[in-house]
Every structure is written in structure tokens, then in C-alpha cells.
Amino acid sequence: MRQLLLATTALAFAVSASAPAFAEFNERNIRVSNGINADHPVGNGINAMQTCLDEKSGGKLKLTAFWGGALGGDLQATQALRSGVQEAVVTSSSPLVGIVPALGVFDLPFLFANSEEAYKVLDGKFGDMMNEKLDAAGLVNLAYWENGFRNLSNSVRPVNKWEDLQGMKVRVMQNNIFLDTFQNLGANATPMAFGEVFSALETKAIDAQENPYVTIDTSKFFEVQKYVTETNHAYTPFLFLFSKAIFNTYTPEEQTALRECAIVGRDEERKVIQELNKKSLEKIKAEGLEVNALSPEEQERIREKSMVVYEKHKAEIGADVVDGILAELKQIRGK
Ligand code: TK8
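Note that the structure is a prediction, hence the values are computed from the model and not measured.

Here the domain parsing of the protein chain yields domain 1 (2-100 + 109-146 + 236-276) and domain 2 (151-234 + 280-333). Each of domain 1 and domain 2 was reduced to a C-alpha centroid, and the two centroids are 29 Å apart. Taken together, the contact pairs 24 residues of domain 1 with 32 residues of domain 2. The largest per-residue losses of area from domain 1 upon contact with domain 2 belong to Pro109, Phe110 and Leu111, which jointly make up 32% of the total buried on that side.

Set out below in C-alpha cells:
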């Protein structure tokens with residue numbers, strides 16, 4: 001009898017100690033908008049992030065993803081975060097330079113040589129410094145996800161040297177550094193929101209655009225383009241931004257879970273991108289597009305010609321920011 005009583009008391013204690021379950025967590029519906037489509041690796045990242053959040057919050061923190069710009073483009077969605085009417089967005093940093101000019105550092109042509117060095121810079125002190133600037137603008141960057149190295153596609157002719165860009169109507173992001181980079185190479189560059197690109201290519205309002213292979217694949221640009229040139233002219237990060245106004249109303253446990261799980265999602269997204277990049281390139285070729293890589297000499301010519309863009313935009317980005325990233329890259333490269 002005594003044994004039974006003890007066991008019952010222990011059980012009752014165990015139940016009361018763990019109840020109410022996940023008390024530090026509230027039911028939250030977190031809307032995450034995306035310009036890209038659900039089959040982009042960001043989709044894998046969001047699924048991994050959700051699994052992590054389910055474990056930490058007992059299913060209370062729920063992400064609802066919106067794709068293909070359904071909640072508005074990068075800039076529009078980011079402004080909705082700043083005014084506290086939307087929770088989250090996965091956006092390129094490039095269209096946000098009007099909000100945080102220092103972000104323009106990532107748009108400088110040929111800045112990163114490979115993804116490993118991009119990860120080191122973004123996931124380290126430099127990335128943290130940029131996060132503070134975003135925070136001051138009402139945006140909590142949970143983690144740097146990957147958009148990736150950008151390549152040029154067009155419907156006019158193969159591009160083997162920068163002179164082939166002469167007069168080509170190239171869509172660029174809403175970003176002056178990209179605009180100048182392409183104008184400096186002789187292209188007729190036009191800033192445009194991502195959501196308008198497919199139809200502008202289809203109607204030939206523009207000839208060309210530049211994005212990573214996975215985007216040319218998942219946003220179906222291959223249907224309206226003929227040539228692809230591997231230029232790797234820029235590596236643009238994705239930011240997983242949260243509305244600071246909304247984040248501040250969350251419990252510390254909820255905030256920690258979101259930060260930790262955004263990193264779990266980031267790692268999955270980067271892994272899937274690396275795999276899909278190769279498959280996307282194969283698919284683009286199989287769809288009949290002509291793909292070429294720039295020769296190392298031509299790559300070097302374009303890089304040298306593009307260096308004026310660094311000088312032109314240094315003051316507006318912040319000389320300390322530009323010098324800071326170049327010094328960090330030098331250290332990473334060991335030379
Ligand atoms: C998606 C965009 C896109 C970007 C662009 O919303 O605009 O070209 O590379 O992927 O962020």
C-alpha cells in the first residue's frame with residue numbers, strides 16, 4: 001500500500017512538474033514571405049526550421065511560408081516587417097540598401113571567391129556588425145541564408161567577353177551597385193523587382209537577367225532565355241528577417257528558439273543549394289540553353305574593369321565597412 005502511495009505521489013509530482021507543457025511558448029503563426037518558389041532550397045530550409053521549432057515549442061511556433069512574391073516583393077515585405085504588420089521575410093540584401101546602405105558591401109562585384117569565405121564573413125563578426133545596423137532599422141536578422149553566386153542569362157547572344165553586353169537590356173535588382181556594374185560593362189541596365197522579371201523576359205521588355213542557377217531553374221527563367229554565361233560576378237546572401245516590433249513582444253524562450261532554428265534551417269538550405277546548383281545547371285542545358293563559362297583571362301578582364309565600382313560606392317556604403325570586409329577576406333585567404 002505504502003509502495004503504491006509513493007508511486008502515485010511520484011507520478012502526480014512528475015505530471016505537475018511538467019505541466020502546463022511549454023508554458024514559455026505561445027501559439028504563434030509566423031508568416032514568412034519569399035520571392036522565390038517553394039521548390040527553391042529555401043523550402044527545405046523552412047521545413048528543417050519548422051521541425052526544430054516543433055521540438056522546442058511543442059508545436060506552438062508555426063511558420064507559414066508564402067511563395068512567388070504572394071505577400072509582395074522583397075522591399076515591400078521588408079517594409080511590412082518594419083511597420084510591424086508582417087512577421088518574417090527571406091530576402092536578398094541588395095534591394096534593402098536604401099534602408100541600410102552598408103548592406104551594399106555584399107553587392108560589390110567579385111567580392112567573394114567561394115561560398116566558404118562568404119560563410120566565414122557572414123556567420124562571424126562582420127555579419128554580426130551588419131545585424132546591428134539592421135536591428136537599428138527595425139529588422140532582426142535571424143541568420144544569413146544563401147542566395148548564391150549569380151550568373152547571367154539572356155535571349156540575344158552568347159556572352160564570351162564583356163563587350164558582348166553592349167546595349168543588352170539587363171534587369172538588375174533595385175540596387176545602384178548592380179546598376180553601375182552592368183552599365184560600366186556597356187549593358188543597358190534596368191532596375192526591376194524580382195516578381196516582374198519573368199514576364200519582362202517573356203515579352204522581351206528586357207533581354208537578360210542575372211541570378212544563381214537554382215533561381216534560373218526554380219523560377220523557370222530557362223523557358224524565356226537562350227544563353228547562360230557562368231560569370232559568378234557576385235555572391236548575394238539571403239537574410240532571414242524578423243519584424244523587430246513583433247519579435248520584441250515574444251518571450252525570451254520564443255526568441256531563442258527562433259534564432260537557433262533559423263541556423264538549423266540555414267545549414268539545411270545551404271546544403272541543398274550546393275547539391276541543386278549542379279542539377280539545375282544540367283536541367284538548364286537539357287532544356288536546350290547554350291551554356292558557357294568565361295575564360296579565366298576574360299574573368300580577370302571583367303574583374304579589373306569592375307574595380308571602379310568599389311571606389312564609386314565606397315563612401316555611400318561606408319569606407320570602414322568596405323575596408324573592414326577586405327581586411328577580413330585578406331585574413332581568411334591568408335595573404
Ligand atoms: C527573390 C529575390 C531574388 C533576387 C533577385 O525574392 O531579385 O534577383 O536574387 O532571388 O531575392
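A turn of α-helix holds 3.6 residues, and therefore any two residues three or four places apart point the same way. Over its 35 residues, helix α10 (residues 252-286) runs 49 Å from end to end, which matches the ideal 51 Å to within 8%, given 1.5 Å per residue. Helix geometry: α10 is bent most strongly at Leu276, by close to 30°. Immediately downstream of α10, the backbone of Gly288 shows phi near 100°, a positive value.

A few words on empty space enclosed by the protein. A full pass over the atoms with the stated rule returns one cavity of 30 Å³ or more. Here the largest cavity defines a volume of roughly 110 Å³. Together, Phe110, Leu152, Val159, Leu165, Thr181, Phe182, Leu185, Thr231, His233, Leu294 and Ile302 line the largest cavity. Of the residues belonging to the lining of the largest cavity, the class tally is eight nonpolar, three polar and no charged.

With the rule as written, the count across this model stands at nine aromatic pairs. Between the aromatic rings of Phe149 and Tyr235, the centroid separation amounts to 5.1 Å while the plane-to-plane angle is 70°, which identifies the pairing as edge-to-face. Pair noted here: Phe149 is in strand β4 (residues 139-149) and Tyr235 is in strand β10 (residues 235-243), with a separation of 86 residues, a long-range link. Of the two residues, Phe149 and Tyr235, neither departs from the other in class, the shared state being buried. Residues Phe242 and Tyr250 carry aromatic rings whose centres are separated by 5.6 Å and whose planes lie at 70° to one another, so their mutual orientation is edge-to-face. An aromatic cluster of at least three residues, connected via ring pairs, comprises Phe106, Phe126 and Tyr144. Between the NZ or CZ atom of Lys305 and the centre of the ring of Trp162, over which it lies, the distance is 4.5 Å.

Here we take up the state of the cysteines. In the structure shown here, the tally under the stated rule is one disulfide. Note on cysteine connectivity: Cys52 is disulfide-linked to Cys261, with sulfurs 2.0 Å apart. Between Cys52 and Cys261, the S-S torsion sits near -70°, and that sign places the bridge as left-handed. Taken together, the residues span a long stretch of sequence, with Cys52 in helix α2 (residues 42-57) and Cys261 in helix α10 at a distance of 209 residues. For the pair Cys52 and Cys261, a shared accessibility class is recorded, and that class is buried.

In this structure, Val105, Phe106, Phe112 and Met130 are the most contacted members of the largest nonpolar core, which totals 35 residues. Elements supplying a minimum of two residues to this core: α3 (74-82), α4 (115-122), α5 (125-136), β4, β10, α11 (296-317) and α12 (319-333). Setting aside residues up to four positions removed in sequence, Met130 forms contacts with Ala102, Leu103, Val105, Phe106, Tyr144 and Val321. Core analysis: the second largest hydrophobic core is formed by 27 residues, Met49, Leu53, Leu142 and Ala143 among them.

So, on to the site of the ligand. Taken together, Gly35, Ile36, Asp74, Ser92, Asn147, Arg150, Arg171, Met173, Phe194, Asn211 and Phe238 make up the full set of residues near the ligand. Contact distances for the ligand include 2.6 Å between an oxygen atom and a side-chain N or O atom of Ser92. Arg171 places a polar side-chain atom, nitrogen or oxygen, 2.7 Å from an oxygen atom of the ligand. Contact with the protein chains covers 99% of the free accessible surface of the ligand, which is 300 Å². Taking a 2 Å distance to the grid points as the criterion, the majority of the atoms of the ligand fall inside the largest pocket. For the shell around the ligand, the class distribution of residues is four nonpolar, four polar and three charged. Taken domain by domain, the shell around the ligand gets at least three of its residues from each of domain 1 (2-100 + 109-146 + 236-276) and domain 2 (151-234 + 280-333).

Calculation rules
Residues numbered from 1 in each chain as written. Predicted model: local features only at pLDDT ≥ 70, side-chain atom pairs only at ≥ 80, totals over all residues. Heavy atoms only, no water. Domains from an automatic or database assignment. Contact = heavy atoms within 4.5 Å. Buried area = accessible area lost by both parts, 1.4 Å probe. Helix = DSSP H or I, 4+ residues; strand = E, 2+ residues; numbered from the N terminus. Expected span 1.5 Å × (residues − 1). Bend = angle between axes of the 7 residues up to and from the residue. 1 Å grid on protein atoms, 1.4 Å probe; cavity = no way out; pocket = protein on both sides within 12 Å on 5 of 7 lines; lining within 4 Å. Points joined across faces, edges and corners; volume = space filled by probe spheres on them. Nonpolar A, V, L, I, M, F, W, Y, C, P; charged D, E, K, R; others polar. Phe/Tyr/Trp six-rings, centres within 6.5 Å; stacked < 30°, edge-to-face > 60°. Buried < 20%, exposed > 50% of the residue type's maximum accessible area, 1.4 Å probe, protein only. Lys NZ or Arg CZ within 6 Å of the ring centre and 35° of its normal. Disulfide = S-S within 2.5 Å. Core = buried A, V, L, I, M, F, W, Y, C linked by side-chain atoms within 4.5 Å. Near = heavy atom within 4 Å. Polar contact = N/O pair within 3.5 Å; in protein donor to acceptor, adjacent residues only side chain to side chain. Areas by Shrake-Rupley, 256 points an atom, 1.4 Å probe, with all protein chains shown as cover. Sits in = over half its atoms within 2 Å of the grid points.

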